[in-house]
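# Close look at the chain arrangement
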Amino acid sequence: MISRRHYLGGIVAASALLKARASSALGMNARGGKTGYTPVVTPNGSTLPFTMNGGVKEFRLTAEPVVREFAPGMNVNCWGYNGSTPGPTIEAVEGDRVRLFVTNKLPEHTTMHWHGILLPAGMDGVGGLNQPHIKPGETFVYEFTLRQHGTHMYHPHADEAVQMALGMFGFLIIHPKAPKRKIDRDFCVFPMEWRVDPGTMTPNPSVMLDFNAFTFNGKSFPGTAPLVVKTGDRVRVRLANVSMDSHPIHFHGHRWWVTETDGGQIPRSAWWPETT
């Protein structure tokens, strides 16, 4: 029997999904303004709002302990950003100047690394190498100009084995200044593995291979949101993986073209088809 709590939760999730689809169809960003691109949808996640300050897009992230419900009734003690793991997706456009405030509410130091981004060394977020660690209660400000486009991510470079294993990562999506093709639906998905022993609520970050839980964007079935599309839609799915294993991904009954890797965009003549 479906409880009242899960029934209402389903209504809220469905409403959020419909709102995300409507915003995507209208080309609306996290501030409610029009964009020149199709905003990404992070199923079971969110997009980080920004404010404009003198032509600079300002984003605010807070690293903190969070409780994530992987599946109905399965609450897990994680670390993340702005109350969630993965953290909210950051969207910007090639050429934007961005300023990112990172506040640390963890019980230990942290940093923020902008994975794959071309930027000054002092903004790369490797604690003890090119910046001091962000101590508990402190805020560090990163600022740089986006000189590329593609699918990227953010995560700490401080006590990585613990912090990333507990859920500290998120997408950084940079849209091209001059898109070459229109995308109707654009999704971001983080696969992740965890070891949560029976009778506990906290993942064991020292486990490297013997995992017992698997999530997409911090959710396990039946908690995972669907990827809703229409017949005829051109769909892009962006996948990022910071776990210890490779994960084959299969879209049953469909095939797709691999158009981009960690190294950036692939020339169209070199795309290759896949089903898994």
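Residues numbered from 1 in each chain as written. Predicted model: local features only at pLDDT ≥ 70, side-chain atom pairs only at ≥ 80, totals over all residues. Heavy atoms only, no water.

## Description of the overall build of the chain
Of the regular secondary structure elements, the chain holds two helices and 17 strands. Taking all 276 residues of the chain together, 42% fall into the buried category. Contacts in the chain between residues far apart in sequence, at least 24 positions, make up 65% of those at least 6 positions apart. Here the chain has roughly 14400 Å² of accessible surface; of this, 57% comes from carbon and sulfur atoms. (Helix = DSSP H or I, 4+ residues; strand = E, 2+ residues; numbered from the N terminus. Buried < 20%, exposed > 50% of the residue type's maximum accessible area, 1.4 Å probe, protein only. Contact = heavy atoms within 4.5 Å. Areas by Shrake-Rupley, 256 points an atom, 1.4 Å probe, with all protein chains shown as cover.)

## Structural notes on the pairing of strand 5 (residues 97-104)
Side-chain direction in a regular strand flips from residue to residue, so the side chains alternate between the two faces of the sheet. With six of eight residues buried, strand 5 lies mostly within the body of the structure. Sheet topology note: the strand 5/strand 7 (residues 139-145) ladder contains seven bridges and is antiparallel. From the neighbouring strand, Val 102 faces strand 7, where its bridge partner is Phe 140. (Pairing = 2+ DSSP bridges.)

## Thoughts on the confidence of the model for the chain
Should pLDDT be low for a region, the predicted coordinates there are not to be read in detail. Here the chain shows a mean pLDDT of 89. Residues at 70 or above account for 87%. Segment residues 22-26: pLDDT under 50, and seven contacts once partners within four positions in sequence are set aside and those in other chains are kept. (pLDDT = per-residue confidence, 0-100.)

## Brief notes about the sheet that holds strand 8 (residues 150-155)
Read from one edge to the other, the open sheet built from four strands follows the order 4-9-8-6, with strand pairing classed as mixed. With one partner strand each, in any of the chains shown, strand 4 (90-93) and strand 6 (113-115) form the two edges of the open sheet. Each strand axis lies, on average, 25° off the axis of its neighbour in the sheet, ignoring direction. (Axes fitted to C-alpha atoms, helices over the stretch in contact; angles between N-to-C directions.)

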